[in-house]
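Below are the chains, spelled out letter by letter.
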Amino acid sequence: MRTLTTTALTAVLALTAACGGSSGPRPYVPPVPFDEPIVAMRDVRLAGAGLTGGSMDIVVSVYNPNDYAVQTPRLTYHLLVNTARVASGDYDAILELPARDSAQIRIPATFSYASMRNAGRGAAEVGAVSYRMVGRISVGTPYGRLSAPYDRSGRFAPLSIPVSGLGGLLGH
C-alpha cells in the first residue's frame, strides 16, 4: 500500500511540474512593442589614405519608429560595392534617439586599395556602381536590448575628386 501511495504522489508531482507548477492557466504576456529601426546609408566620405588603404566615414540615418526613445545603437555592418566587400565592422553610437525621430551617425571604417579596385570596376565600365549595406542594429529599450536586421541597397555615380581635394596627398 505504501508503494502505491508513493508512486501516485510522484506521478502527481511530475505532472504538476510539467504543467508549469500551477493548477491555473498561465497569465497572458503581451508581446514587446518594438518596431525595427530603419537604417539608410546617406553618404560615404574619404577621411584619409595610406600606403595599402585608407579610411572613410560612412554616414547613415537611423529612424526610430517607436513610441519611446532608444539608446546607444550598435551597428554591425558590411558595405558591399558591386558585390565586393569594401568595409565591415561594429560601431557603438553614444546617443539617445527620441521616439519617432531620426539621427545621422558617422561610422569610421577602413578599406584596402584591392577592395576598392574590385568595387570600382563597375564605375569605370558603366559610370555608376551598386552598393548594399547589410547588418544588424541593436538598441537599448525600456524592455531590454533588442535588435533587428537591416539590408539597404542602391546605386551611385562616384564623383571625380579634384587634385586639390586630396589635401596634399599628391604633393600639390
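The rules we used
- Residues numbered from 1 in each chain as written.
- Predicted model: local features only at pLDDT ≥ 70, side-chain atom pairs only at ≥ 80, totals over all residues.
- Heavy atoms only, no water.
- Helix = DSSP H or I, 4+ residues; strand = E, 2+ residues; numbered from the N terminus.
- Buried < 20%, exposed > 50% of the residue type's maximum accessible area, 1.4 Å probe, protein only.
- Contact = heavy atoms within 4.5 Å.
- Areas by Shrake-Rupley, 256 points an atom, 1.4 Å probe, with all protein chains shown as cover.
- Salt bridge = Lys/Arg side-chain N within 4 Å of Asp/Glu carboxyl O.
- Pairing = 2+ DSSP bridges.
- Core = buried A, V, L, I, M, F, W, Y, C linked by side-chain atoms within 4.5 Å.

Q: How do you make sense of the overall build of the protein chain when you look at a structure like this?
A: Each helix and strand counted, the protein chain has two helices and eight strands in total. Overall, the protein chain shows an N-to-C arrangement of helices and strands of α-β-β-β-β-β-β-α-β-β. For the protein chain, the residues scored as buried account for 28% of the 172 residues in total. Here the contacts in the protein chain between residues at least 6 apart in sequence split such that 64% fall between residues at least 24 apart. When the accessible surface of the protein chain is summed, it comes to about 11000 Å², and 58% of that surface belongs to carbon and sulfur atoms.

Q: Could you clarify how one ought to interpret the environment of serine 61 in this entry?
A: Note on placement: serine 61 falls in strand 2 (residues 53–64). Take serine 61: its relative accessible area is 12%, and that puts it in the buried class. Along the chain, serine 61 and arginine 42 lie 19 residues apart, while their C-alpha atoms are 6.5 Å from each other. Among all residues touching serine 61, those that are not within four sequence positions of it are Ile38, Val39, Ala40, Arg42, Ser102, Ala103 and Gln104.

Q: Just checking my understanding: could you explain the pattern of salt bridges for this structure?
A: Where charged atoms from two side chains of opposite charge approach closely, those side chains can pair. The tally for this structure, following the rule as stated, stands at six salt bridges. Note that arginine 74 and aspartate 90 form a salt bridge whose closest N and O atoms lie 3.4 Å from each other. Taken together, the residues span a long stretch of sequence, with arginine 74 in strand 3 (residues 70–81) and aspartate 90 in strand 4 (residues 84–92) at a distance of 16 residues. Where aspartate 151 meets arginine 132, a salt bridge forms, and the shortest distance between an N and an O atom there is 2.6 Å.

Q: Any chance you could explain the pairing of strand 2 here in plain terms?
A: Walk down a regular strand and you will see the side chains alternate between the two sheet faces. A large share of strand 2 lies buried, amounting to 10 of its 12 residues. As consecutive antiparallel partners, strand 1 (residues 38–49) and strand 2 are separated by three residues. Bridge count for strand 2 against strand 6 (residues 101–112) is 12 bridges, and the pairing is antiparallel. Residue pairing across strands places tyrosine 63 opposite serine 102, the latter belonging to strand 6.

Q: What should I look at first to understand the nonpolar core in this one?
A: Met56, Ile58, Val60, Leu75, Tyr77, Ile107 and Met133 are the most contacted members of the largest nonpolar core, which totals 28 residues. Breaking this core down by element, the ones donating at least two residues are strand 1, strand 2, strand 3, strand 4, strand 6 and strand 7 (129–141).

Read these as layout, nothing more, since geometry by itself doesn't imply function.
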